[in-house]
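The chain contents come next:
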Amino acid sequence: LSDLASLNLSGNHLQTVEAGALALPALRQLDLSGNALASFSPQAFGEGGSPLEELALRGALRDHGVLLSLAALLQSGALRNLSRLELADNGLLLLPAGMFTALPALRQLDLSNNSLVGLRNVSFQGLGQLQSLNLSDNSLGVLWNSTLAQFRSLPALRHIVLSHNTWVCDCAIEDLVAWLKESDQVEHKEALTCASPDKMLGKALLKINGSDLNCSVPIDLPSQLQTSYVFLGIVLALIGAIFLLVLYLNRKGIKKWMHNIRDACRDHMEGYHYRYEINTDPRLTNLSSNSDV
């Protein structure tokens, strides 16, 4: 099939894609959606590079091992011509780190209708041609500054879809809100609303301000711990200084108290010594028993 350019195998019962199975020299479009893939060889497209431009895997990556195999395939550089990648409807929680770094021609990436809880380990660096990114219908609670910085750095990225995510509107969302207000990359951003906490439920992200979030107390836990340790050290040092000052001011009384204790101990020991001498000398013992003194 040297001239085959488009192959649709969606909606079947495929479980395994073996090495070399898709090594077709003219293949541009491949649809494997709706299959229950359990094994996907990183060499499925052969040893050399593939001309593949569109790959659809909607609902085909339910097994975590298959996702790791696909990530290895993408990272190998075998699909450097890929311009459209569809990974929707796969129940993905997290994506392998660096999964998309070897796709310089990628223009459309669909990650919708998964269960993604974060993108911190995902790198979009190198996707200079990326135009569309669909992250709708996931479980994203916040996008951190590192991810937002990557979005800003992609010159062609003009269509980001973030609808139907579980945005947590606490102090951690400040950066996301600021980015939404200044960016023109997000589609229908005015419809994005808070999913929690209860007092913020349904509030539009674009209408959130600092007073709503009550971020006067810093949320940086390591900094809080460091400040607490410093404060504790100062308190202990102050207590130690007061203790030494009290000792210094009462040095005469303490000295007299020590002398009294020493004298009492000495008298006590002399009493023990006297009894010991009586008990060890038979003559003193008889004298002690016959004497009225």
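Refer to the preceding data block for the structure.
Conventions we followed
Starting afresh in each chain, residues are numbered from 1 along the sequence in its written order. In view of the model being predicted, local features appear only for residues whose pLDDT reaches at least 70, and side-chain atom pairs are presented and counted only at 80 or more, with totals across whole chains, interfaces and linings using the full set of residues. Hydrogens are left out, water is left out, and the side-chain values use all remaining heavy atoms of the structure. In this description, a disulfide is simply a cysteine sulfur pair whose atoms lie within 2.5 Å. Counting from the N terminus, the helices are the DSSP runs of H or I reaching at least four residues and the strands are the DSSP runs of E reaching at least two. Buried, partly exposed and exposed residues are distinguished by accessible area as a fraction of the type maximum, computed with a 1.4 Å probe on protein chains only: under 20%, between the cut-offs, and over 50%, respectively. Note: two strands are recorded as paired if DSSP finds a minimum of 2 bridges between them. In this analysis, axes come from line fits to C-alpha atoms, helices being fitted only over the stretch in contact, and the angle between any two N-to-C directions falls in the range 0 to 180 degrees. By nonpolar core we mean a set of buried residues, namely Ala, Val, Leu, Ile, Met, Phe, Trp, Tyr and Cys, connected to one another through side-chain atoms within 4.5 Å. Here a residue-residue contact requires only that any non-hydrogen atoms of the pair lie within 4.5 Å. Think of it this way: a Phe, Tyr or Trp ring, Trp meaning its six-membered ring, pairs with another when their centres are within 6.5 Å, and the plane angle makes it stacked under 30 degrees, edge-to-face over 60, tilted otherwise. Any Lys NZ or Arg CZ found within 6 Å of a ring centre and within 35 degrees of that ring's normal is scored as a charge over the ring.

Moving on, we come to the state of the cysteines. Scanning the model with the defined rule gives 1 disulfide in all. Each sulfur of the disulfide joining Cys169 and Cys194 lies 1.9 Å from the other. One disulfide, between Cys169 and Cys194, carries an S-S torsion of -95 degrees and so falls in the left-handed class. In this pair, Cys169 is assigned in the loop between strand E10 (167–168) and helix H3 (174–182) and Cys194 in strand E11 (residues 194–196), connecting sequence segments 25 residues apart. Accessibility assignment for this pair places Cys169 and Cys194 in one class, buried.

Moving on, we get to the sheet that holds strand E9 (residues 159–161). Taken in spatial order, the 7 strands make up an open sheet running E1-E3-E5-E6-E7-E8-E9, and their pairing is parallel. Two strands lie at the open edges of the sheet, namely strand E1 (6–8) and E9, each paired on one side alone. The mean inter-strand angle of the sheet, taken between neighbouring strand axes irrespective of direction, is 0 degrees. Examined bridge by bridge, strand E5 (residues 54–56) and strand E6 (residues 84–86) share 3 bridges and lie parallel to one another. Note that in E6 the partner of Ala56 across the bridge is Glu86.

This part takes up the nonpolar core. Counting residues in hydrophobic clusters, the biggest one holds 67 residues, and the most contacted among them are Phe40, Phe45, Leu57, Leu85, Phe100, Phe151 and Leu205. Where this core is concerned, the elements lending two or more residues are helix H1 (64–75), helix H2 (145–153) and H3. By residue number, the principal contributor to this core is H1, which donates 6 residues. Once residues within four sequence positions are removed from consideration, Leu205 is found in contact with Trp167, Cys169, Ile173, Leu176, Val177, Leu180, Leu192, Thr193 and Cys194.

This part is about the packing of aromatic side chains. A ring pair, where both rings are aromatic, is described by two values, the distance of the centres and the angle of the planes. For the structure shown, the criterion picks out 2 aromatic pairs. Summarising the aromatic geometry, the rings of Phe124 and Phe151 are spaced 5.5 Å apart at their centres and angled 55 degrees between planes, so their arrangement reads as tilted. Placement of the pair is Phe124 in the loop between strand E7 (108–110) and strand E8 (132–134) and Phe151 in helix H2, with a sequence separation of 27 residues. Owing to a relative accessible area of 0%, Phe151 belongs among the buried residues under this scheme. Residues Phe151 and Trp179 carry aromatic rings whose centres are separated by 5.8 Å and whose planes lie at 40 degrees to one another, so their mutual orientation is tilted. With a gap of 28 residues between them, Phe151 in helix H2 and Trp179 in helix H3 connect regions that are remote in the sequence. Aromatic ring contacts, followed pair by pair, group Phe124, Phe151 and Trp179 into a single cluster. One residue, Arg120, lies across the ring of Trp144, its end atom 4.3 Å from the ring centre.

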